[in-house]
Amino acid sequence: MTNGEQPESPANPSTPSDTPNEPASTAAPSQPAVERGSGPLAMRGINKPSSPAVDPEKLQAGSKPSGEKKKNKAPRPRIGGKKIGGEDGQSKAGQPIPDAQPRRSKISVPNVRHGLPDDIQAEFESILGDDDFDGMMSGPAADSVKKNPIEDGARVQGVVLKIQADDVFISLGGPDEGAVPFEQFKEEPAIGLQVEVLVRGMNREDGLFSLSLPGGTIEANDWEDLEEGTVVEANITGTNNGGLECKVGGVKGFIPISQISEYRVEDTSEFVDKKLLCVVTESNARRGNLVLSHRAILEREREEKRQEQLEKIQVGDEAEGTVRSIKDFGAFVDLGGLDGLIHISKLSWERVKHPSEVLEEGQKVKVKIDKIDETTGKISLSYRDLLDNPWNTAEADFTVGSVHRGTVTRTATFGCFVRLAAGVEGLVHVSELAHHRVSKVDAFVKQDDEVEVKILSFDRDTQKIALSIKAAQQNAAAAVENKAKEEEVDEPPREVAVKAQHDGPLRGGNNRDTGGAQFGLRW
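Heads up: these notes are all about the structure in this document. This is a predicted model, so every value here is computed, not measured. (Residues numbered from 1 in each chain as written. Predicted model: local features only at pLDDT ≥ 70, side-chain atom pairs only at ≥ 80, totals over all residues. Heavy atoms only, no water.)

**Focus on the packing of aromatic side chains**
Alright, step 1. Per the stated rule, a full pass over the model turns up two aromatic pairs.
Alright, step 2. Aromatic side chains Phe329 and Phe332 sit 6.1 Å apart centroid to centroid with 90 degrees between the ring planes, which places their arrangement in the edge-to-face category.
Alright, step 3. Ring centres of Phe414 and Phe417 lie 6.3 Å apart, and the angle between their planes is 90 degrees; this geometry places the pair in the edge-to-face category.
Alright, step 4. Judged by relative accessible area, Phe414 falls into the partly exposed class, the value being 39%.
Alright, step 5. With a relative accessible area of 14%, Phe417 lands in the buried category. (Phe/Tyr/Trp six-rings, centres within 6.5 Å; stacked < 30°, edge-to-face > 60°. Buried < 20%, exposed > 50% of the residue type's maximum accessible area, 1.4 Å probe, protein only.)

Here it is in structure tokens:
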């Protein structure tokens, strides 16, 4: 090609020269047509998908375009013994389909009104044997279904199953079982014994409940185990002014001095390096405060012994005890779990001013049960009933009509009491003091005076003796001497019971004629 020549255009059927309607001379030059599959997407290497073609013949025949959805046909019912899929027994994918299972016949539900079949009834009776079905359903096996689940801290009744190593296994009803440390039992329990236990928790490893006897100790490792009311074993590590320092497991605690014993403790150092059973009275993990009480354990044991002894003792029994305290009205005696009172009138046959004249604290005494109050549990004791009763021989020594010499022990407005022998006293009434009227007893006799008296009456049952001083006078001469002596006694003037309300002469007078004679009256 030279510089003056034009390049030849490529042949293209769509050019204007090929168009029959327009002449070539009048057609303007145009851009070459873009072939199908060319364009911006084609230049980038992306082919545009072609639109689906519609066949006119299918449209005339009534077929639907491929883009329209077809309605699903209802599935054919399955019939036992026939195959699902095509006629040749294959699925649409061409895989063989196994034969369909035939329908099973309907099984009727058992009715409680109808009996069991003969074969099942015979098998049931052979398994049950001689056991009572109603008893099995009402026994411990049904408790787990009837009652609520066992909760921590609950008190339940259980039966001892077996003893193995250091544990006693307890049945709690149904499948529930637990274990109690053997050391909590005072003596080895018998198999089948029914006991009351306290649920501490559930051991997930062996599926057993952790149990303890009410009042039994537990192993405390941290604050979670130290709940108020639980019984623990405390190691005493030291003392201070307020009480004892101790440790429970790894937790430090304190026992107040008032909670160490039932009685006052003077020296707390004697408890150091000892182990004491205590009750947790206060537990506060946040403040690190743990307070224990050993006195509560002693009181609990004392109450148990008290109940045991109350069932054994009876009125009239003799017992030995220790005098714990002395009061103005009597003495308290410890009978080993029981406290009894000896009233001051039951200390001696003689008159006692204060119980300290007969007993002292710490003294070992032998007493007799005089009275038991079942409502309050109070026990009345008698110390003098075990001593020789002087009234047993007093009736023979002090016969009626005999004269004896005695000592005035005390005086009263109605007379004086005279002591004839140890534990034997009589009363001299005020009318038997002298031959004349005595207005004041203290003016005639005084305490500790020795007088002669005559026995007027003797009552053994009521222990009363009537005495007379004036009847003891032997002759009239003695009576005259006593009368002179009585006159010398300066008695205070006797007060008039009714005092005069008018002072001075009477208005009417008493020295003139009354005038009654004129009426026939002799005034």
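Here the narrative resumes, following the displayed structure.
**Focus on the pairing of strand β15 (residues 379–382)**
Alright, step 1. Where strand β13 (residues 339–343) and β15 come together, three bridges link them in parallel fashion. For Gly340, the partnering residue across the bridge sits in β15 and is Ile379.
Alright, step 2. Judged from the four bridges that link them, strand β14 (residues 364–372) and β15 form a sheet pairing that is antiparallel. Across the sheet, Ile369 pairs through a bridge with Leu381, a residue of β15. (Pairing = 2+ DSSP bridges. Helix = DSSP H or I, 4+ residues; strand = E, 2+ residues; numbered from the N terminus.)

**Some points on the pairing of strand β18 (residues 424–429)**
Each regular strand carries side chains that alternate between the two faces of the sheet.
Alright, step 1. Looking at chain direction, strand β17 (residues 415–421) and β18 are connected through six bridges and run antiparallel. Its bridge partner lying in β18, Cys416 is registered against Val428.
Alright, step 2. Counting the residues that bridge the hairpin from β17 to β18 gives two residues, and of these Gly423 lies at a positive phi of roughly 85 degrees.
Alright, step 3. Judged from the two bridges that link them, β18 and strand β20 (residues 464–468) form a sheet pairing that is parallel. Paired with Val428 across the strands is Leu467, a residue of β20.

**With respect to the pattern of salt bridges**
Alright, step 1. Counting across every chain of the model gives 10 salt bridges.
Alright, step 2. A salt bridge links Arg324 to Asp334, with the shortest nitrogen-to-oxygen separation between them at 3.2 Å. With a gap of 10 residues between them, Arg324 in strand β11 (residues 318–327) and Asp334 in strand β12 (residues 330–334) connect regions that are remote in the sequence.
Alright, step 3. The exposure class of Arg324 is partly exposed, given its relative accessible area of 38%.
Alright, step 4. Between Glu425 and Arg351 there is a salt bridge, and its shortest N-O distance comes to 3.6 Å. Taken together, the positions of Glu425 in strand β18 and Arg351 in the loop between β13 and β14 put the pair 74 residues apart, joining distant regions of the chain.
Alright, step 5. Looking at Arg351, the relative accessible area reads 51%, which means it is exposed.
Alright, step 6. Residues joined by salt bridges that share partners form a network here, namely Glu262, Arg302, Arg324, Asp334 and Asp339. (Salt bridge = Lys/Arg side-chain N within 4 Å of Asp/Glu carboxyl O.)

**Focus: the nonpolar core**
Alright, step 1. Membership of the largest hydrophobic core comes to 22 residues, with the highest contact counts inside it found for Cys416, Val418, Leu420, Val428, Val453, Ile465 and Leu467.
Alright, step 2. Within the residue set of this core, elements represented by two or more residues are α7 (391–397), β17, β18, β19 (450–459) and β20.
Alright, step 3. Residue contributions to this core peak at four residues, all from β19.
Alright, step 4. Sequence-distant contacts of Cys416, that is, excluding residues within four places in its chain, are made with Val408, Arg410, Thr411, Gly426, Leu427, Val428, Leu433, Val441 and Val445. (Core = buried A, V, L, I, M, F, W, Y, C linked by side-chain atoms within 4.5 Å. Contact = heavy atoms within 4.5 Å.)

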